[in-house]
Every structure is written in C-alpha cells, then in structure tokens.
Amino acid sequence: MHGGDHKGKGDGNNEDFHIDEIKIDVDLPREWRVSRYHPFNNIIGDISKGVTTRHSLKDICNNMAFVSMIEPKNLKEAIIDEHWIIAMQEELNQFERNNVWKLVEKPENYPVIGTKWEFRNKLDENGIVIRNKARLVAKGYNQEEGIDYEETYATVARLEAIRMLLAFASIMDFKLYQMDVKSAFLNGFIQEELYVDQPPGFENSDMPNHVFKLKKTLYGLKQAPKAWYERLSKFLLEKDFSRGKVHTTLFIKRKLNDILLVQIYVDDIIFGSTNDSLCKEFSQDMQSEFEMSMMGELNFFLGL
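My aim in this report is to walk through the structure given alongside it, one point at a time. (Residues numbered from 1 in each chain as written. Predicted model: local features only at pLDDT ≥ 70, side-chain atom pairs only at ≥ 80, totals over all residues. Heavy atoms only, no water.)

### Focus: the packing of aromatic side chains
Let me state the cut-off plainly: The rule is short: rings of Phe, Tyr and Trp, with Trp giving its six-membered ring, pair when the centres are within 6.5 Å, and they are stacked under 30 degrees, edge-to-face over 60, tilted in between. Counting from the N terminus, the helices are the DSSP runs of H or I reaching at least four residues and the strands are the DSSP runs of E reaching at least two. Partly exposed describes any residue whose relative accessible area lies between the buried limit of under 20% and the exposed limit of over 50%, with all areas from a 1.4 Å probe on protein chains only and scaled to the type maximum. Think of it as a cone above the ring: NZ of Lys or CZ of Arg counts as a charge over the ring if it is within 6 Å of the ring centre and within 35 degrees of the ring normal.
With the rule as written, the count across this model stands at twelve aromatic pairs. With centroids separated by 5.5 Å and ring planes inclined at 80 degrees, the aromatic side chains of W228 and F290 adopt a geometry described as edge-to-face. Of this pair, W228 sits in helix α5 (residues 224-238) while F290 sits in the loop between α6 (276-289) and β13 (292-297), placing them 62 residues apart in sequence. Across the pair, F290 and W228 agree in class, each one buried. Here the aromatic rings of F235 and F290 are separated by 5.5 Å at their centres, their planes lie at 75 degrees, and the arrangement is edge-to-face. Separated by 55 residues along the polypeptide, F235 in helix α5 and F290 in the loop between α6 and β13 bring together distant segments of the chain. Lying over the aromatic face of Y219, R135 brings its terminal NZ or CZ to 3.7 Å of the ring centre.

Here it is as structure tokens:
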C-alpha cells in the first residue's frame, strides 16, 4: 500500500504523535487515531442507568435458565421438555408431602374419576416468566351430585373488598403483605369416598391398574374450593380471628388498640396490621400449618 505523502506514514523509524495530550510511539504503515472520550451518539442504551454488570443480571439469568418460555398445550409436548417434567414432579412431591392420597386396587362397581395435567407459565409484573406451574387436575365434570359430593361453592373476594382494604391501609398508614398457599386445595379434607386415576405419564410400573383413594381434595373436584375455605377459616377462627359479616373472606383480629386484617382470595392472602408484630405472628402461624410462599410487601395482585 503506497501513501508517501500521508501524514504519519512510517518510514522504518519511530515517529512521535501527540494526540489528545497522549504521547504514543508507533511504527505503523498508517495513521491511528486515539480518542479519550467515546462519542455520545455511539452509546447504546440509557447512559443514566450506568453500567450493566453480570451481577445485576444474575437473578434474571439464573431464573431464565430454569424455566421454559413455552407453555405446552398437552402432555405430549410437556413430556419432552425437562423443565416441565421437573414442574410435574414438583406437583407430585407436593401430593406426597400433604398426604393427599393412597394407592389402592381399583374398586369394583365404583366410579373412578379421571385426571389430567394443566400447564401454565407464571409471570411477574413485567411479564417475565418466573415459574413453570404444572397442575394435576381431576376431571370433576364427571362427578354426580349426591354421590361424589353433597355441596359445592367457592368463596371469592369481590374486587370492591380488595379496594376497600387498600384504601383502609392507606388511611391507617400501614403496609400490606402477600403470601401464597402452595397447592391450597390439597389442604382441604374430603368427606366422600373418591377414587382417581393415576397421573398420566407417571403411572406406577408395578401397579399400573391401581387407582388413588383420596384423603384430601384435588383441583377440579366440585367440593375442593369449599373444603379449602372451611379448613382455612376454621384455622383462623381458632387463632382468635373474627369473620367479616358482609365479606366472609375478610378476617379481623384485634389486640388492644391494634388491628390485623386478612383478606383471602382462594390461595392468595393479603394482610396488614397497625402493629408489625401481629403480621409476624400471623405469618409464623400460617407457615406452621400450611406450606407457604412469602412474597413480601404487596405490589402486584390480581393482575394489578
């Protein structure tokens, strides 16, 4: 490459260049430009956020490494994804910990309720997948009233009740916290004699024709919401709570001049008190009775 008249051309001898007050000895066939400052128009992203390090991305990266972004439509799709296999195994482990059922021989002349898997990705408030949830559900639509169940209802808090609780907490200036009961319906005691099929894809190889006799309720059973609410409300009433007369999903506990409010929404619970010690006491009581996930201060609830 020829460039005899170019400034800075090397001729075999070292030449000194003074650029931005930096002295650099070079022996190169062409000119090199050294800049102390990077042009702002070449910076990618918001400069006010500072440097993004691997440490700051640790939680996101670790989480995404252990969840699947794809929500399978059926068992055939889920069984080929190791993340969903783990999620299904976690669900069955939950059954064992809660002593939900017992494997027995299939009874004669007695209906057996089928089971199926449902798959759902749990999202955070930013729409990021944080958990793969596989749930074993009973095909409760085959149940017959008077045979498989006597009564069914689901007590769900109205959105107006949630708003009133938020308003009251704002007026009284106390924090609200959130907890989640893991597999809440598995905690409800069952009164009827019910049998269900073994989980699809997880049949016992030694006893493939056996079925499970239920000790507690499953999701999908007609009586499951009622059984869970009855057990939870009984527990809270034994802990000196009183039940709301208008909204029966609201439980109130008073101690001297302080008040503790607990709002139930199926398996989600939000609570707060004018005295933080009552919140800690309530949290400890719940964790001693049920398997819970403490989610800290309330900032995302029912999609809001």
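### What about the sheet that holds strand β6 (residues 176-181)?
This is how the line gets drawn: Pairs of strands are assigned from DSSP output, requiring at least two bridges between the strands. Here a residue-residue contact requires only that any non-hydrogen atoms of the pair lie within 4.5 Å. Every angle, taken between N-to-C directions, lies between 0 and 180 degrees, and every axis is a line fitted to C-alpha atoms, over only the stretch in contact when it is a helix.
The six strands are arranged β9-β10-β11-β12-β6-β13 in an open sheet whose pairing can be described as antiparallel. Since the sheet does not close on itself, it has two edges, and those belong to β9 (242-243) and β13, each with one partner. On top of the sheet, α6 reaches β6, β10 (250-255), β11 (258-265), β12 (268-273) and β13; it is set at about 150 degrees to β12, its chief contact.

### Some thoughts on the sheet that holds strand β8 (residues 211-214)
Pairing in this open sheet of three strands is antiparallel, and the strands run β3-β8-β7 from one edge to the other. Two strands in the sheet have a free side with no partner beyond their single neighbour: β3 (101-104) and β7 (195-196).

### Notes on the nonpolar core
Keep this limit in mind: Residues belong to one nonpolar core when they are buried, are Ala, Val, Leu, Ile, Met, Phe, Trp, Tyr or Cys, and are joined through side-chain atoms within 4.5 Å.
The biggest cluster of nonpolar side chains holds 48 residues, and the ones touching the most others in it are I269, F282 and M286. The residues contacting I269, other than those within four sequence positions of it, are Y177, Q178, M179, V181, L232, V262, Q263, I264, F282, M286 and M292. Core analysis: the next-biggest nonpolar cluster, separate from the first, contains twelve residues, I162, L165, L176 and I259 among them.

### What to know about the packing of α5 against α6
Let me state the cut-off plainly: Put simply, angles under 35 degrees are roughly parallel, angles over 145 are roughly antiparallel, angles from 65 to 115 are roughly perpendicular, and the rest are oblique. It is the rotation of the near helix from the far one that decides the hand of a crossing: anticlockwise by less than a right angle makes it left-handed, clockwise makes it right-handed. In this count, Pro and Cys sit with the nonpolar residues alongside Ala, Val, Leu, Ile, Met, Phe, Trp and Tyr, while Asp, Glu, Lys and Arg are called charged and the others, Gly among them, polar.
One way to put it is that α5 packs onto α6 with a least axis distance of 12 Å and a crossing angle of 135 degrees. By the angle between their axes, α5 is oblique relative to α6. The chirality of how α5 crosses α6 is right-handed. Contacts between α5 and α6 pair R231, L232, F235 and L236 from the former with F282, D285, M286 and E289 from the latter. The class makeup of the residues in the contact of α5 with α6 is five nonpolar, no polar and three charged.

### What about α6?
Basically, it comes down to this: A helix is expected to span 1.5 Å multiplied by its residue count minus one. In this description, the arc belongs to the directions extending from the helix axis to the C-beta atoms.
Taking 1.5 Å as the rise per residue, α6 with 14 residues should run 20 Å; its terminal C-alpha atoms sit 20 Å apart, in good agreement. Within the span of α6, buried status applies to L278, C279, F282, S283, D285 and M286. Buried residues of α6 fall within an arc of 165 degrees about the axis and therefore sit on the same side. Exposed residues pointing more than 90 degrees away from the buried face of α6 are listed as K280, Q284 and S288.

### What to know about the pattern of salt bridges
Any two side chains of opposite charge can pair, so long as their charged atoms come close to each other. How we decide: For this document, the term salt bridge refers to a Lys or Arg side-chain nitrogen within 4 Å of an Asp or Glu carboxyl oxygen.
In total, this model carries seven salt bridges according to the counting rule given. A salt bridge links E297 to K175; its shortest N-O distance comes to 3.3 Å. Of the two residues, E297 is situated in strand β13 and K175 in the loop between α4 (159-172) and β6; the sequence distance between them amounts to 122 residues. You can call K175 partly exposed: its relative accessible area is 47%. For K253, the salt bridge identified is with E281, shortest N-O distance 3.5 Å. Residue K253 is found in strand β10, and its partner E281 is found in helix α6; the two are separated by 28 residues along the sequence.

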